[in-house]
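# Structural features, examined
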Amino acid sequence: MFETLKIVGEKFRLPGELYSYHVIAMGNINSTYKVTYTNEKTFKSYLFQKVNTNVFKSPVEIMENIDHVTSFIRAKYPDQITLHFHHTNEGTNYYIDGDDAFWRVINYVDSVTFNASDDLHVIEATGKAFGNFQTQLSDFDGSILHETIPDFHNTKKRLDTLFADVEMDECGRVKEVSEEIAYIESVREQAAELSVRFENGEIPKRVTHNDTKCNNVLFDSVTKEPIVVIDLDTIMPGMSMYDFADAVRFIANTAVEDEPDTSKVFFDTAKFRAFANGFIGATKDSLTEIEIENLVKATFSITIELASRFLDDYITGDKYFRCEYPKHNLVRTRCQLQLAKDIARKTDELEWIIRDVLEKRS
Ligand code: GN1
Ligand code: MG
């Protein structure tokens, strides 16, 4: 790996000598390395990322999207830290190596990330960061963005794909998951509703992040204030409330996303309130009534959507998400379904929390 990274660093004309590297366990799709260079006695670190081209079929389009969005934010908010991608001699912000691997290099930002947090201030700050991100892009022309993964959060299509793959049962795994499939079938229409209404034009089309896990916000290690929103691979036109929903799905889970013991999995309403407070505070002037009144429904829908994606990957042979062990995708599915059931049970309380946050914010 050292040799590969060295070549990548040379292509991006990084000064100094490669000193050390380590893998950063970040995300389920791309591979990320923190790579440090030394120049005499100074050290500077970079993130080298190998983009998973099985998932992102047109990685150059992703880089174009990122370029558009970061340039826009830099021009509008010159004092704000944005992600800085390096360029090669050829003037591209990526390099394709001899093995067809697609590399990009970003300045390392000294920071901390949270895979989970019990600190309600951190959770509220995460909500504010994602809400601000959306508000900052509210006058960005989304039509110039490539749809890097078509129908990424089209829940109806995700569910249709799942049920088509259940019919095919190419790996013979369907018999193992009949309970999970029956539950998803029972909520199929309900979970798909918002995506159908979005396609019909009833719900505003906005520029959204589409992967709002809290570990996609970098925080200052001392002040615990957000520095920058990262992982811009899936920025595309989408539903605002799905950004909210995906974030609370992750951050308000009392367990990790792949907790094997589902008795530990609940939806934490205090964390939900904290995130809602931050997010709504940052977006309330732009969100419309239809978006606000569907935040809770979106939370249920996106949790079912992700469960369906994990389950679909399981029954089609684990080709999409990186798996650490054979039934990892099944464990992830069960965890998300448990969470969805708890969200469904708590719907009235969650709706009430949204109204309460809105009243206090107005
Ligand atoms: C993937 O790799 P990461 O963590 O950035 C996935 C998201 C899922 C998430 C679940 C491009 O994101 O949609 O919500 O895993 N990203 C893609 O952990 O499919
Ligand atoms: Mg991502």
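All values derive from a computational prediction rather than experimental measurement.

### A few points about the overall build of the protein chain
When helices and strands are counted, the protein chain shows 11 helices and 9 strands. Scaling as 2.2 N^0.38, a compact globule of 362 residues should have a C-alpha radius of gyration of about 21 Å, and the protein chain matches this with 21 Å. Projecting the C-alpha coordinates of the protein chain onto the three principal axes gives extents of approximately 60 × 55 × 40 Å. Taking all 362 residues of the protein chain together, 53% fall into the buried category. Sequence-distant contacts in the protein chain: of pairs separated by 6 or more residues, those separated by 24 or more amount to 72%. Carbon together with sulfur atoms contributes 49% to the accessible area of the protein chain, which is approximately 16,500 Å² in total. If the 41 positive side-chain charges of the protein chain are averaged to one point and the 60 negative ones to another, these points end up 2 Å apart.

### Comments concerning unusual backbone geometry
One non-glycine residue, Lys224, adopts positive backbone phi at about 60°. Structurally, Lys224 can be placed in the loop between strand 7 (217–219) and strand 8 (226–229). Judged by its relative accessible area of 36%, Lys224 is partly exposed. Backbone geometry places Asp318, a non-glycine residue, at a positive phi of 55°. The exposure class assigned to Asp318 is partly exposed, which follows from its relative accessible area of 21%.

### Topic: the nonpolar core
Among the nonpolar cores identified, the biggest contains 101 residues, and Phe244, Phe272, Phe275, Ile304 and Ile354 are the most heavily contacted of them. No other element matches helix 9 (residues 295–315), which puts 12 residues into this core. Contacts of Ile304, omitting those with residues within four sequence positions, involve Leu159, Tyr183, Ile184, Val187, Ala191, Leu337 and Ala340. Counting 14 residues, the second-largest nonpolar core is a separate cluster that includes Tyr33, Val35, Tyr37 and Phe48.

### Description of the site of ligand 1
Lining the immediate environment of ligand 1, one finds 15 residues, of which Asn28, Asp211, Lys213, Glu257 and Tyr320 sit closest. Here Tyr320 contributes a side-chain N or O atom positioned 2.5 Å from an oxygen atom of ligand 1. Taken by itself ligand 1 offers 440 Å² of open surface, and the protein chains cover 95% of this. When grouped by side-chain class, the residues that make up the shell around ligand 1 number 6 nonpolar, 3 polar and 6 charged.

### Description of the environment of Tyr21
Its place among the elements puts Tyr21 in strand 1 (residues 17–24). Accessibility expressed as a relative area gives 31% for Tyr21, which makes it partly exposed. For Tyr21 and Tyr33, which are 12 residues apart along the polypeptide, the C-alpha to C-alpha distance reads 6.5 Å.

### Points about the layout of surface pockets
If you add up the space inside the second largest pocket, you get close to 540 Å³. Around the second largest pocket sit 20 residues that line it, and Ile149, Arg158, Thr161, Asp312 and Tyr320 are the ones nearest its centre. At the level of secondary structure, the elements contributing two or more residues to the lining of the second largest pocket comprise helix 4 (155–168) and helix 9. When its residues are assigned to classes, the lining of the second largest pocket shows 5 nonpolar, 6 polar and 9 charged.

### Observations regarding the coordination of the magnesium ion (ligand 2)
The magnesium ion (ligand 2) binds to the protein through Asp211 (OD) and Asp231 (OD), with metal-donor distances spanning 1.9 to 2.0 Å. Here Asp211 is found in the loop between strand 6 (206–208) and strand 7, whereas its partner Asp231 is found in the loop between strand 8 and strand 9 (236–238), with 20 residues between them in sequence.

### Observations regarding the pattern of salt bridges
For the structure on display, the rule yields 23 salt bridges. Between Lys297 and Glu193 there is a salt bridge, with its nearest N and O atoms 2.8 Å apart. Residue Lys297 is located in helix 9, and its partner Glu193 is located in helix 5 (residues 178–199); the two are separated by 104 residues in the primary sequence. Here Lys297 falls in the partly exposed class, since its relative accessible area comes to 26%. Note on Glu193: relative accessible area 26%, which makes it partly exposed. Between Arg355 and Glu289 there is a salt bridge whose closest N-O contact spans 3.4 Å. In this pair, Arg355 sits in helix 11 (residues 347–361) while Glu289 sits in helix 8 (residues 289–292), placing the two residues 66 residues apart along the sequence.

Calculation notes
Residues numbered from 1 in each chain as written. Chains lettered and ligands numbered in written order. Predicted model: local features only at pLDDT ≥ 70, side-chain atom pairs only at ≥ 80, totals over all residues. Heavy atoms only, no water. Helix = DSSP H or I, 4+ residues; strand = E, 2+ residues; numbered from the N terminus. Rg over C-alpha atoms; globule rule 2.2 N^0.38 Å. Buried < 20%, exposed > 50% of the residue type's maximum accessible area, 1.4 Å probe, protein only. Contact = heavy atoms within 4.5 Å. Areas by Shrake-Rupley, 256 points an atom, 1.4 Å probe, with all protein chains shown as cover. Lys, Arg positive; Asp, Glu negative; His and termini not counted. Charge placed at Lys NZ, Arg CZ, Asp CG, Glu CD. Core = buried A, V, L, I, M, F, W, Y, C linked by side-chain atoms within 4.5 Å. Near = heavy atom within 4 Å. Polar contact = N/O pair within 3.5 Å; in protein donor to acceptor, adjacent residues only side chain to side chain. Nonpolar A, V, L, I, M, F, W, Y, C, P; charged D, E, K, R; others polar. 1 Å grid on protein atoms, 1.4 Å probe; cavity = no way out; pocket = protein on both sides within 12 Å on 5 of 7 lines; lining within 4 Å. Points joined across faces, edges and corners; volume = space filled by probe spheres on them. Donors = N, O, S within 2.8 Å, 3.2 Å for Na, K, Ca; no water. Salt bridge = Lys/Arg side-chain N within 4 Å of Asp/Glu carboxyl O.

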